[in-house]
Amino acid sequence: MTIITRRGLLQAGAALGTVGAMGRFPALAQEMTPHEKQLYEAAKKEGEVTWYSGQLSAEPGEAVGKAFGERYPGLKANVIRSTSQVAFQRLSQDMRARTAQCDIFSSTDSGHYGFLKKEGLLMKYRPKNADGMIEAARKGDPDDMFQTCYFGLYLMGYNTQKVSAADAPKSWTDLLDPKWKDQIAVGHPGYSGAIGIWALLMKQMYGVDYLKKLERNKPQIGRSSMDPVTLMNGGERAIGVAIPSATTLLSISRGNPLKLIYPTDGTVATPAPTAIIANAPHPNAAKLFMEFATGPEYSRVITKLFNESLRPEVPPPVGGRPLNDIKLIMPTMEEAEKGVPEMREVWRDIFGV
């Protein structure tokens, strides 16, 4: 497990803060780089790119697809949004059927990339725009098989009409208090890569007994990490566990009575990669999409919908805290690759679903 206190992240946060003071969305050059132009000319002959994504929720995912088409006229992005595990299952089915459908694969479960790389199922490509990303996201695969294009934060939240700020849990261990019985909602590691990462971190930090004690509080278990936000919006559950900051901030902006909790024992961070599939049917459009996903326009689009910026010239989302003010925790890629599949089995044994 890694606790992120690296100087690079602090520098990234400082850079974001500086840009934020200059204005939320500074004018960015819209001209394509020579490399982008070359890819664009080749990609126009392919016409489209298909993106299997378990990272962004539906609205920002569609916004990214629309922005890609606007930046590169004549190209269409087919956005296939699902949970990360479902996206991986869909990709696996394609491969078993020897059908090339997917060009770009994005998951919050970093273990997927270790498997795909090992099996020779990814295309080597290092997007040039990655050089301009914040340091925490700039480092991709050493063999250039995938690149970080998403930095998710997963934390707790509560319905302010059901729980006061004073009574709200402050740490992950506070969720084990019997007073939260029948009031908690959480996703499922069998569907959500982020929930798999969270469950793994809880086991690393507090042992498997943590999950056994949480089960005694009878949490409502959905599929996606976003499901608890919906339940809190409707007042069906008071506390959301391992919920994405982006979805929650979007919900708050629309008037729902929710508030985020940054756990004192660490906010779960998932710097998640994106990769081109080896047999991508639209390889040039896929490479162009990777340039787009690591460039400033992508960060401008996703921060408007409360996702984290990956570029120093694009400020963080409204309502979010600067990254350098947050204690972040995450497993190593090796820990995630081995540990998340194991956690799915442990989870089913403990929770029965």
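Residues numbered from 1 in each chain as written. Predicted model: local features only at pLDDT ≥ 70, side-chain atom pairs only at ≥ 80, totals over all residues. Heavy atoms only, no water.

Draft legend 1. Quick look at the overall build of the protein. Scanning the protein from N- to C-terminus turns up 13 helices and twelve strands. Rg of the C-alpha trace for the protein: 20 Å, near the compact-globule value of 20 Å for 353 residues, within the 12% margin. Across the protein, every contact between residues at least 6 apart in sequence was considered, and the portion connecting residues at least 24 apart equals 80%. Here the protein displays about 14,400 Å² of accessible surface, and carbon together with sulfur accounts for 50% of that area. (Helix = DSSP H or I, 4+ residues; strand = E, 2+ residues; numbered from the N terminus. Rg over C-alpha atoms; globule rule 2.2 N^0.38 Å. Contact = heavy atoms within 4.5 Å. Areas by Shrake-Rupley, 256 points an atom, 1.4 Å probe, with all protein chains shown as cover.)

Draft legend 2. Summary view of helix H10 (residues 245–253). By the criterion of burial, H10 is predominantly enclosed, with seven of the nine residues buried. Within H10 the residues assigned to the buried category are Ser-245, Ala-246, Thr-247, Thr-248, Leu-249, Leu-250 and Ser-251. Of the residues trailing H10, Gly-255 is marked for its positive phi of about 95 degrees. (Buried < 20%, exposed > 50% of the residue type's maximum accessible area, 1.4 Å probe, protein only.)

Draft legend 3. Fine view of the packing of aromatic side chains. For the coordinates displayed, the defined rule picks out 17 aromatic pairs. Members of the aromatic cluster, connected to one another through ring pairs, are Tyr-40, Trp-51, Phe-68, Tyr-72, Phe-289, Phe-292 and Tyr-298. Against the face of Tyr-40 rests Lys-44, its NZ or CZ located 4.7 Å from the ring centre. Here Arg-90 stacks its cationic end above the ring of Tyr-52, 5.6 Å away from the centre of that ring. (Phe/Tyr/Trp six-rings, centres within 6.5 Å; stacked < 30°, edge-to-face > 60°. Lys NZ or Arg CZ within 6 Å of the ring centre and 35° of its normal.)

Draft legend 4. Quick look at the packing of helix H2 (residues 34–44) against helix H11 (residues 283–294). It is at 8 Å that the axes of H2 and H11 come closest, and there the two elements cross at 145 degrees. Taken as a pair, H2 and H11 cross one another with a handedness that is left-handed. Contact with H2, carried on its side by His-35, Glu-36, Leu-39, Tyr-40, Ala-42 and Ala-43, involves Asn-284, Ala-285, Lys-287, Leu-288 and Glu-291 of H11 and no other residues of that element. Among the residues forming the contact of H2 with H11, the class breakdown is six nonpolar, two polar and three charged. (Axes fitted to C-alpha atoms, helices over the stretch in contact; angles between N-to-C directions. Left-handed = near helix turned anticlockwise from the far one by under 90°. Nonpolar A, V, L, I, M, F, W, Y, C, P; charged D, E, K, R; others polar.)

Draft legend 5. Structural view of the environment of Tyr-206. Relative to the elements of secondary structure, Tyr-206 occurs in helix H7 (residues 193–206). For Tyr-206, a relative accessible area of 33% translates into the label partly exposed. For the pair formed by Tyr-206 and Ile-261, sequence separation is 55 residues and the distance between their alpha carbons is 19 Å. Setting aside anything within four residues of it in sequence, one finds Tyr-206 in contact with Thr-173 and Asp-265.

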